[in-house]
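Each chain is listed here by its residues.
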Amino acid sequence: MKSKVQLISQIKKEHKKTHMHIPLIFVVILTLVLSVLSVTDLEWEDRISINRGFSLFFYGLVFFTVLYYALNNLLLRTTSGQRFMKTYKLTVADVYDINNKQVSAVQALFCCITGMTSCTYSCTRDMLRTSHYISEAYAWFGAAYFFYDIWSMYKVHNVKILQVSMNGDVKRSGVKFFSYLQTHAIIVGHHIFIGGFGFLVITYLRGGLGDCFFGFVYLMEASTPFVSLRGILSKIGMKSSNLYVINGLVMLTTFFVCRVAMFPCVIYLYARSVDLDYISAIHSLPNGCKISILILLLPQIYWFLLMVKGASQVLKGKVTKKKTLKNVH
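Sequence positions are assigned chain by chain, starting from 1 and proceeding in written order. Given that the model is predicted, a residue must reach a pLDDT of at least 70 before its local features are reported, and side-chain atom pairs must reach 80 or more before they are shown or counted; all residues, however, enter totals for whole chains, interfaces and linings. Calculation of side-chain values draws on the structure's entire complement of heavy atoms; hydrogens and water are dropped beforehand.

The next point concerns the overall build of the protein chain. Elements are defined by DSSP. Helices are runs of H or I of four residues or more, strands are runs of E of two residues or more, and each kind is numbered from the N terminus. Summing up its helical and strand segments, the protein chain has 14 helices and 0 strands in all. From first element to last, N terminus to C terminus, the protein chain shows the α and β order α-α-α-α-α-α-α-α-α-α-α-α-α-α. Contacts in the protein chain between residues far apart in sequence, at least 24 positions, make up 77% of those at least 6 positions apart. Contact between two residues is taken to exist if any of their heavy atoms lie within 4.5 Å; hydrogens are not considered.

On to the pattern of salt bridges. For this analysis, a salt bridge means a side-chain nitrogen from Lys or Arg found within 4 Å of a carboxyl oxygen belonging to Asp or Glu. Inspection of every chain in the model, using the stated rule, returns 6 salt bridges. As a salt-bridge pair, K235 and D97 come within 3.4 Å of each other at their nearest N and O atoms. Of this pair, K235 sits in helix α10 (residues 224-235) while D97 sits in helix α5 (residues 92-122), and the two are 138 residues apart along the sequence. Salt bridges sharing partners connect three or more residues here, namely D94, D97, K101 and K235.

The next point concerns the side chain of S118. By secondary structure assignment, the location of S118 is in helix α5. Each residue gets one of three labels from its accessible area relative to the maximum for its type: buried under 20%, exposed over 50%, partly exposed in between, using a 1.4 Å probe on protein chains only. A relative accessible area of 0% means that S118 is categorised as buried. Sequence-distant contacts of S118, defined by excluding residues within four places in its chain, comprise C123, I134, S135, D211 and G215.

What follows deals with the nonpolar core. Residues enter a nonpolar core if they are buried and are Ala, Val, Leu, Ile, Met, Phe, Trp, Tyr or Cys, with the set joined through side-chain atoms within 4.5 Å. Core analysis: the largest hydrophobic core is formed by 48 residues, its most contacted members being I48, F64 and V103. Listed by contribution, the elements that provide at least two residues to this core are α2 (21-37), α3 (50-76), α5, α6 (133-166), α8 (185-203), α9 (212-218) and α10. If one sorts the elements of this core by residue count, α3 sits on top with 13 residues.

Another aspect to go through is α8. An α-helical segment advances 3.6 residues per turn. Residues three or four places apart therefore align on the same side. Compared with an ideal rise of 1.5 Å per residue, which puts 19 residues at 27 Å, α8 spans 26 Å between its outermost C-alpha atoms and is within 8% of the ideal. Buried residues of α8: V188, H191, G195, G196, F199, I202 and T203, and no others. The span one expects for a helix is its residue count, reduced by one, times 1.5 Å.

Following the sequence through the fold, L209 ends up in the loop between α8 and α9. For the pair L209 and D126, spaced 83 residues apart in sequence, the C-alpha separation works out to 10.0 Å. Residues within four places of L209 in sequence aside, it is in contact with L128, R129, S131 and F214.

Note on terminology: disulfide denotes any pair of cysteine sulfur atoms within 2.5 Å. Scanning the entire structure with this criterion turns up 1 disulfide. Between the sulfur atoms of C123 and its disulfide mate C212 the distance is 1.9 Å. Between C123 and C212 the sulfur-sulfur dihedral comes to about 100°; the bridge is accordingly right-handed. Here C212 lies in helix α9 and C123 lies in the loop between α5 and α6, a separation of 89 residues in the sequence.

The end-to-end C-alpha distance of α5 is 45 Å, a good match for the 45 Å that 31 residues give at a rise of 1.5 Å each. Counting buried residues along α5, 23 of its 31 residues qualify, which places the element largely inside the surrounding structure.

Turning our eyes to something else, we now look at the confidence of the model for the protein chain. Per-chain confidence: the protein chain averages 84 in pLDDT, with 86% of residues scoring 70 or above. Residue-level confidence of the predictor is summarised by pLDDT, bounded by 0 at the bottom and 100 at the top. Per-element confidence in the protein chain is highest for α3, whose mean pLDDT is 95, and lowest for helix α1 (residues 2-16), whose mean pLDDT is 56.

Our next topic: the packing of α3 against α5. Note on method: axes are straight lines fitted to C-alpha atoms, helices fitted across the in-contact stretch only, with angles between N-to-C directions ranging 0 to 180 degrees. Close contact between α3 and α5 brings their axes to 9 Å; oriented N to C, the two are set at 140°. When the axes of α3 and α5 are compared, the pair comes out oblique. The crossing of α3 and α5 is right-handed. Here F63, F64, L67, Y68, L71, N72, L75 and L76 of α3 come into contact with α5, specifically with V92, V95, Y96, N99, N100, Q102, V103, V106, Q107 and F110. Each angle receives one of four descriptions, namely roughly parallel if under 35 degrees, roughly antiparallel if over 145, roughly perpendicular if within 65 to 115, and oblique otherwise. Crossing handedness is defined as follows: a turn of the near helix away from the far one that is anticlockwise and smaller than a right angle gives a left-handed crossing, while the clockwise case is right-handed.

The next point concerns the packing of aromatic side chains. Only the six-membered ring of Trp is used, alongside the rings of Phe and Tyr, when aromatic pairs are assigned; centres must lie within 6.5 Å, and planes under 30 degrees apart are stacked while those over 60 apart are edge-to-face, with the rest tilted. Taken as a whole, this structure holds 29 aromatic pairs when the rule is applied. Plain terms: the ring middles of Y148 and W151 are 6.1 Å apart, the flat faces sit at 50° to each other, and that makes the pair tilted. In this pair, Y148 and W151 are both assigned in helix α6, 3 residues apart and thus about one turn of the helix distant. Two thresholds decide whether a charge sits over a ring: the Lys NZ or Arg CZ must be within 6 Å of the ring centre and within 35 degrees of the ring normal. In this structure, R125 is placed above the aromatic ring of Y121, and the distance from its NZ or CZ to the ring centre is 3.9 Å.

Right, let's get into a nonpolar patch on the surface. Note on patches: the residues involved have over 30% relative accessible area and no salt bridge, like charges join within 9 Å, and the nonpolar side chains Val, Leu, Ile, Met, Phe, Trp and Tyr join within 5 Å. Each accessible area value is a Shrake-Rupley result obtained with a 1.4 Å probe; residue values ignore everything except the protein chains displayed when judging cover. On the surface, a cluster of nonpolar side chains totalling about 670 Å² of accessible area is made up of I25, F26, I29, L30, V33, L34, L37 and L74. If you tally residues by element for the nonpolar patch, the top one is α2, at 7 residues. Within the secondary structure layout, L37 lies in helix α2.

Within the chain, K89 stands out as a residue other than glycine whose phi angle is a positive 55°. As for its placement among the helices and strands, K89 is situated in the loop between α4 (79-87) and α5. Here D275, not a glycine, exhibits a phi torsion of approximately 60°, which is positive. Considering the arrangement of structural elements, one finds D275 in the loop between α12 (262-273) and α13 (278-284).

This is the structure:
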């Protein structure tokens, strides 16, 4: 009994930390404004200095973390949020998970803005050499997201453990952060690789190449908001709704265009810029570039095939359900 009281107290303490949604939203807006102001004095093709970069990284870390707290607060500590939770029978763990997905969608939106800006500016000039400062600037700001997200995923996981413990199914409290890192090494490693190595490629290891191609890499995140919405709709019990089906089809289309078809299209643009045929252009790429493309492309194809399989099952289920209803009537 004492253990259960302690667990309830621990979750309540987590809620109290976010019982100030207006100041939290103010901090979110302030850090975003400061981030924009920190680069307004730059010329289009300027590079981001180390000092400016660390400032952007700090702003990003504060922005994503506080945004997550603010969203949790709006659902857990406001009347409308409590009503929403009650309507859709959401647990605290559900709220944490939903808000993790919302922050992920916001980050993806920023990536798309960065990608469109880079492509619009760089791809219309010297594709191989022209750069726009927004690409490096967001590499610093966005790198913070991947480190925030490790912490956020830990919070979701820990609250799930606490809730299971309170139901009496597991005789333990939450897990320690470093224990979580060890037991979720693959996803943590993925985040560190993308946030670390991906950041280094865009800022320092690009070999003088321009932002046109990196802009397309940023645009790979265009499908993420639909992936997040799919997870949220599933959480609130709308998996059989038309909105879920429509969102799934949009997600599938966006994923294919931005994560699969994008690669041959970018190679075509490269071939045209260096005045080579398609096959010769591929052969002319450095081996490291070819390997990087394969590392990026192969998982996308695998995930796309899984999505196609899932979408076909959902559509078959809808068709079967309609036929059943017609037969009943």
